[in-house]
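# Working through the structure, step by step
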Amino acid sequence: MVLPLSLLKAAQGQPVLVELKSGDTYNGHLVNIDSWMNLNLRDVVWTSREGDRFWKIAEIYVRGNTVKYLRVPEEIVDILADQQQQSHATDKSSFPKNRRPGSRGKRRWGS
């Protein structure tokens, strides 16, 4: 499972499409994202909700609670999913062979 914030952090420097709740869209490169999903974009093309007006903006800040959805390149999703599978596989193999994950070992009562 890919978490949204980790996906967006992996997409930094990549082109993204952001649609706001108002219907306006921003196409640009993701510069930064914080834990509230506030975004900094650069080289942005802003499209009006009707789709008939366009503006080119060097850099823009988008507040996270105004975002309706984001679209990131599909290859970022694939790369992140592969990385999580690899890290999950190495986490499982780090347990000693004579112990199961989640086992507590020997309990010593009254010592």
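Everything here concerns the structure above.
Report follows, based on the coordinates. (Residues numbered from 1 in each chain as written. Predicted model: local features only at pLDDT ≥ 70, side-chain atom pairs only at ≥ 80, totals over all residues. Heavy atoms only, no water.)

## Digging into the sheet that holds strand 3 (residues 39–47)
Reading across the sheet, the 5 strands line up as 4-3-2-1-5 and stay open at both edges, with antiparallel pairing between neighbours. Of all the strands in the sheet, just strand 4 (54–62) and strand 5 (67–71) have a single pairing partner and so form its edges. Pairwise comparison of adjacent strand axes, ignoring direction, gives a mean angle of 30° for this sheet. (Pairing = 2+ DSSP bridges. Helix = DSSP H or I, 4+ residues; strand = E, 2+ residues; numbered from the N terminus. Axes fitted to C-alpha atoms, helices over the stretch in contact; angles between N-to-C directions.)

## A word on the packing of aromatic side chains
A complete count under the given rule lists 2 aromatic pairs for this structure. Aromatic pair Y26 and W46: ring centres 5.7 Å apart, planes at 45°, arrangement tilted. Of this pair, Y26 sits in strand 2 (residues 25–33) while W46 is found in strand 3, placing the two residues 20 residues apart along the sequence. Taking the relative accessible area as the measure of exposure, W46 reaches 25% and is therefore partly exposed. When the ring of W46 is compared with that of W55, the centres are 4.7 Å apart and the planes differ by 40°; the resulting orientation is tilted. For W55, a relative accessible area of 35% gives the class partly exposed. (Phe/Tyr/Trp six-rings, centres within 6.5 Å; stacked < 30°, edge-to-face > 60°. Buried < 20%, exposed > 50% of the residue type's maximum accessible area, 1.4 Å probe, protein only.)

Read these as geometric descriptors, not functional statements.
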